[in-house]
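Next come the chains, spelled out residue by residue.
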Amino acid sequence: MITPHLRDDRRRLGNRRLMEWALLSAASTLLLLALQFGSLSTLMGDALFDLAQGRDMPPPSSDIVVVSLDNDSLDKLGGWPLSRQRYAALLEQLRASGAKPRAIGFDLLFLEPRPDDAELTRAMQGLPVVLPVELRPAPQGEIRIMPPTVGGPQTRLAHIDILPDNDGRVRQVNPLRGGYPQFAYAMAGIPLGVDARLPARFARIADGAAFPMIGLADLLDNPYSARQLDGKYVLVGATAASLGDLYPVSGEDGGTRFMPGILLHANILNSLLQQRNISLAGPWLAFAASLPLLLAFLLGLLLLSADRAELAATLGVLLAALALCGMSLWWGRIWINPAGLIITLLLTRPAWSWLRMRQLVTRLQNDLSQAQQFLPAAALPASGTPHPVWDSGDELVAGINRLSGQTEFLQHIINRLPDAVFIFSPAQELWLSNARARDIMSRLPEGRESGLRQLILQLGGECDHLGRLRPESLQRRLNLEHNGLPCHYQLQVHQVSEDEQRAWLIMSMADITDTIRAQEQRERAMQLLSHDMRTPVITLITLCRHAHEQGQLPAEDYARVTDNTDLLLAYMDDFILSIKAERERYQTHEILLSELLAEAAAKVRPLADRLGMSMDEVEDEAMLFVEVDNRLMLRVFINLLFNAVNHGETPGRVSISIRADEGWAVVRIGNRKAADGGNNARHTGYGLGNGFVDNVVRRHGGEVTRHIPEQAGAEVWVEIRLKSC
């Protein structure tokens, strides 16, 4: 009765919210994909990488030794550039000491011919020397390779190109470029496959840590120091700041610090030797890893309604994204940039909030427009005119303030009502209630439930198999206890709305405790009259009859006693029937109407015979059945026939007929009215009058119609609904 329009309203709101969520989800997915393939999230991702990497820095390997060209060595050995004989002397000293380094790498470009190249080349013979080549860009994207002018067949060549990120800091290198391995890869002797063309990030040592380092001048001055390089990776390069071979790297504090190129290569080699190099996840892999978290976030927005729950879901997904990246970095040595997902979440969350706010404003505008019968038009936003959220505030505040005043006025009215009153919104949520209603709710186990369905169920209502409230649960009598005493209420739910699409509901609970108690008292009085008081009267009649038969009571006295006792019993029957007629429910039975009418005629026929009146025989060819309280309806027909006989013209005739009319049984009783108009009855008895007749027929769902003209005969029609098959 009350739910279809509410379900339609909720369905429309739910469909709109679902559609907006689907569009927002599609836009968020496309944004995530664009961020994974674009460079917008790179800076943020690099900062997160530095933060994560700072928690897991490898220690410096003792197998790596740096022979530095520091300021002291430059001063002692003749300044920059050093003679290549100095490098040859270093190699000869290593050979003479018997030390066998694993690799000797020169982070120096020997590109221009020098007179002492032959001497350096001879010194390199038989030693695992790594020399850099210079890769220069050429037209059409080609690479021009500049090899060193020194070295032999055993010399390994490598490139020393550095690959800075967008922020200028060095975090990664190309393992293979131009067909040459990167300098540290060549020193480690790691074979490279096809995938080595992809950039790889290295794990840098902490700022406070350092590799073993010895100046070139100190090493040449102390031949015994060369023995310390046995089994080591020896890197020879400039550390003097005046030479400008410095590269920006990320510091542990998040800032930028500059590192000499030879130490940068030492960090790359250290990362390789400890297998701490980090692979970069491609855009598709990063998108695939981020998409489930994004979908979980979007589902949380759809399913969670509270702002705190949505905020908790957002923070949970953010923490999950950071945890996923941290675990893949520390355990899998794969860096999945979470910046794209984080940016998407930070943009999607306020977008969803804005959509919800816009929907709320639209709904408030519609609700206020529906309230125009209560509010002046000036207090409402223009109907059908779209307003941005930020332009609707003043209009909505004005309308809501006016509606609040009307609400207070309505609250004042329902507080004065004698019954408990609940007013529910179209969403079946409690909007207003008076003090009596709140008192009833406080007695319920879950009195704070504010929905109509929850309240009806707590009051003993039932639902059908589809979960809808049964109609009989909305119009019924219920019993509650208060302070240990039973209280009776009549519950009714009414739909109040001119627009069927938006149905407001009013539920009332009338306190009928006093009425029920009065009915119980009438029942006890009826029991007293029908049994307890009739017993002594019948006993009196029996004693008088016995005395009369024994000759102890004269016939005249016996007649007066029986007449008065019969009149007393008749009055008692009339009173009992009047009480029974006021019962809330009748005990009905199916009966043939003609039999009921014939029995009533038999009761009145002796009176008609004494008065010289004739009565029609009751005929019912259609065999009409009705469902009535037999005793009450019998008394109705007795009263009507008695009145027809008592007020009819003598000699005369009382006509009786029965017919069916579209589901109704129609009984007609007529007579020829007496000359006195029926004002002076010729016989007393059957004291229940027209009020009793009308009440009983009406309580059976029927109707009584009378036609009593001045001169013509009187007629009465009684309509009773036929028993349905």
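Just so it is clear, the model here is predicted, and its values are computed rather than measured. (Residues numbered from 1 in each chain as written. Predicted model: local features only at pLDDT ≥ 70, side-chain atom pairs only at ≥ 80, totals over all residues. Heavy atoms only, no water.)

Draft legend 1. Up close: the overall build of the protein. Check the secondary structure of the protein and you find 20 helices and 28 strands. Sorting the 725 residues of the protein into buried and exposed places 43% on the buried side. The long-range fraction of contacts in the protein, counting pairs at least 24 apart against all pairs at least 6 apart in sequence, stands at 71%. (Helix = DSSP H or I, 4+ residues; strand = E, 2+ residues; numbered from the N terminus. Buried < 20%, exposed > 50% of the residue type's maximum accessible area, 1.4 Å probe, protein only. Contact = heavy atoms within 4.5 Å.)

Draft legend 2. Seen up close, the pairing of strand β12 (residues 233-238). Counting buried residues in β12 gives 6 out of 6 residues, a clear majority hidden from the surface. In terms of strand pairing, strand β1 (residues 64-69) meets β12 through 6 bridges, oriented parallel. Of the residues in β12, the one forming a bridge with V65 is V234. The sheet contact formed by strand β2 (residues 103-106) and β12 spans 4 bridges and is parallel. (Pairing = 2+ DSSP bridges.)

Draft legend 3. A look at a nonpolar patch on the surface. On the surface, L324, M327, W330 and W331 cluster together into a nonpolar patch covering about 450 Å² of accessible area. Counting through the fold element by element, L324 comes out in helix α10 (residues 307-330). (Patch = residues over 30% accessible without salt bridge, like charges linked within 9 Å, V, L, I, M, F, W, Y side chains within 5 Å. Areas by Shrake-Rupley, 256 points an atom, 1.4 Å probe, with all protein chains shown as cover. Salt bridge = Lys/Arg side-chain N within 4 Å of Asp/Glu carboxyl O.)

Draft legend 4. Broad picture of empty space enclosed by the protein. All chains considered together, the criterion is met by 1 cavity of 30 Å³ or more. In this structure, the largest cavity spans a volume of roughly 50 Å³. Within the residue set of the lining of the largest cavity, elements represented by two or more residues are α9 (283-303) and α10. Of the residues in the lining of the largest cavity, the class split is 8 nonpolar, 2 polar and no charged. (1 Å grid on protein atoms, 1.4 Å probe; cavity = no way out; pocket = protein on both sides within 12 Å on 5 of 7 lines; lining within 4 Å. Points joined across faces, edges and corners; volume = space filled by probe spheres on them. Nonpolar A, V, L, I, M, F, W, Y, C, P; charged D, E, K, R; others polar.)

Draft legend 5. Structural context of helix α5 (residues 117-124). Of all the positions in α5, only D117, L120, T121, A123 and M124 are classed as buried. Buried residues of α5, viewed axially, fall in a sector of 160°; they line one side. In the core, the buried residues of α5 are packed alongside α4 (84-97) and β3 (129-137). Immediately beyond the C-terminal end of α5, within one or two residues, lies G126, with a positive phi of roughly 80°. (Arc of directions from axis to C-beta.)

Draft legend 6. Up close: the environment of A555. Tracing the backbone shows A555 in helix α17 (residues 555-581). Along the sequence, A555 and R545 sit 10 residues apart, while their C-alpha atoms lie 9.8 Å from each other.

Draft legend 7. Quick peek at the confidence of the model for the protein. Mean pLDDT over the protein: 80, with 85% of residues reaching 70 or higher. Every residue in residues 677-681 scores below 50 in pLDDT, and together they form 3 contacts with partners more than four places removed in sequence or on other chains. (pLDDT = per-residue confidence, 0-100.)

Draft legend 8. Representation of the environment of S724 within the structure. As for its position among the elements, S724 is in the segment after β28 (715-721). In this structure the C-alpha to C-alpha distance between S724 and F625, which are 99 residues apart in sequence, comes to 8.7 Å.

Draft legend 9. How the structure looks around the pairing of β3. In this structure, β2 lies alongside β3, joined through 2 bridges in parallel fashion. If you follow I104 over to β3, its bridge partner there is V129. Traced from β2 through α5 to β3, the parallel crossover comes out right-handed. As paired elements, β3 and strand β5 (residues 156-159) share 4 bridges and run parallel to each other. When the bridges of β5 are listed, V133 appears paired with H159. Bridging between β3 and strand β4 (residues 143-146) involves 4 bridges; their strand directions are antiparallel. (Right-handed = clockwise from strand over helix to strand, strands pointing away.)

Draft legend 10. Highlighting the layout of surface pockets. Considering only enclosed or pocket space, the second largest pocket measures out at about 820 Å³ in volume. Lining the second largest pocket are 35 residues, and of these Q172, P199, L280, A281 and G282 lie nearest its centre. Those elements that place two or more of their residues in the lining of the second largest pocket are α1 (4-37), α2 (42-53), β10 (200-201), β15 (278-280), α9 and β16 (334-335). A class-by-class count of the residues in the lining of the second largest pocket yields 20 nonpolar, 10 polar and 5 charged.

Draft legend 11. Spotlight on the nonpolar core. If you look at the biggest cluster of nonpolar residues, it comprises 43 residues, and the most contacted ones within it are F637, L641 and V654. When near neighbours in sequence (up to four residues on either side) are disregarded, V654 contacts M613, S614, M615, D616, L641, A644, V645, I669, G670 and N671. Of all hydrophobic cores here, the second largest spans 33 residues; its members include L90, I104, V150 and L229. (Core = buried A, V, L, I, M, F, W, Y, C linked by side-chain atoms within 4.5 Å.)

Draft legend 12. View of the sheet that holds strand β19 (residues 475-482). The 5 strands are arranged β18-β17-β21-β20-β19 in an open sheet whose pairing can be described as antiparallel. With partners counted over all chains shown, the strands left at the sheet margins are β18 (430-433) and β19, one partner each. Here the strands of the sheet are splayed against their neighbours by 25° on average, with no regard to which way each runs. The sheet strands contacting helix α13 (residues 435-442) are β17 (420-424), β18, β19, β20 (485-496) and β21 (504-511), and the helix crosses β17 at an angle near 90°. (Axes fitted to C-alpha atoms, helices over the stretch in contact; angles between N-to-C directions.)

Draft legend 13. Structural detail: the pattern of salt bridges. This structure, assessed with the given rule, holds 22 salt bridges. Between E462 and R470 there is a salt bridge, and its shortest N-O distance comes to 3.9 Å. When the shortest N-O distance is used, the salt bridge between R659 and D661 registers 3.8 Å.

Draft legend 14. Region of interest: the sheet that holds strand β6 (residues 163-164). Pairing is mixed in the open sheet, where 5 strands are placed in the order β6-β7-β10-β15-β16. Each having just a single partner strand, β6 and β16 make up the two edges of the open sheet. The pairing of β10 with β15 spans 2 bridges and is classified as antiparallel. Counterpart to R201 in the pairing with β15 is I278.

Draft legend 15. Local environment of unusual backbone geometry. With omega at -10°, the peptide bond leading from W80 into P81 counts as cis. Looking at the element boundaries, P81 is found in the loop between α3 (71-76) and α4. Even without glycine at this site, Q275 takes up a positive phi of about 55°. Take Q275: it is sitting in the loop between α8 (261-273) and β15.

Draft legend 16. How the structure looks around the packing of aromatic side chains. Under the definition given, this model contains 7 aromatic pairs. Between the aromatic rings of F106 and F110, the centroid separation amounts to 6.1 Å while the plane-to-plane angle is 65°, which identifies the pairing as edge-to-face. The exposure class assigned to F110 is buried, which follows from its relative accessible area of 3%. Relative to F424, the ring of F422 lies with its centre 6.4 Å away and its plane at 20°, an arrangement referred to as stacked. Residue classification places F422 among the buried positions, given a relative accessible area of 1%. Since its relative accessible area comes to 1%, F424 is described here as buried. Aromatic ring contacts, followed pair by pair, group F37, W284 and F287 into a single cluster. (Phe/Tyr/Trp six-rings, centres within 6.5 Å; stacked < 30°, edge-to-face > 60°.)

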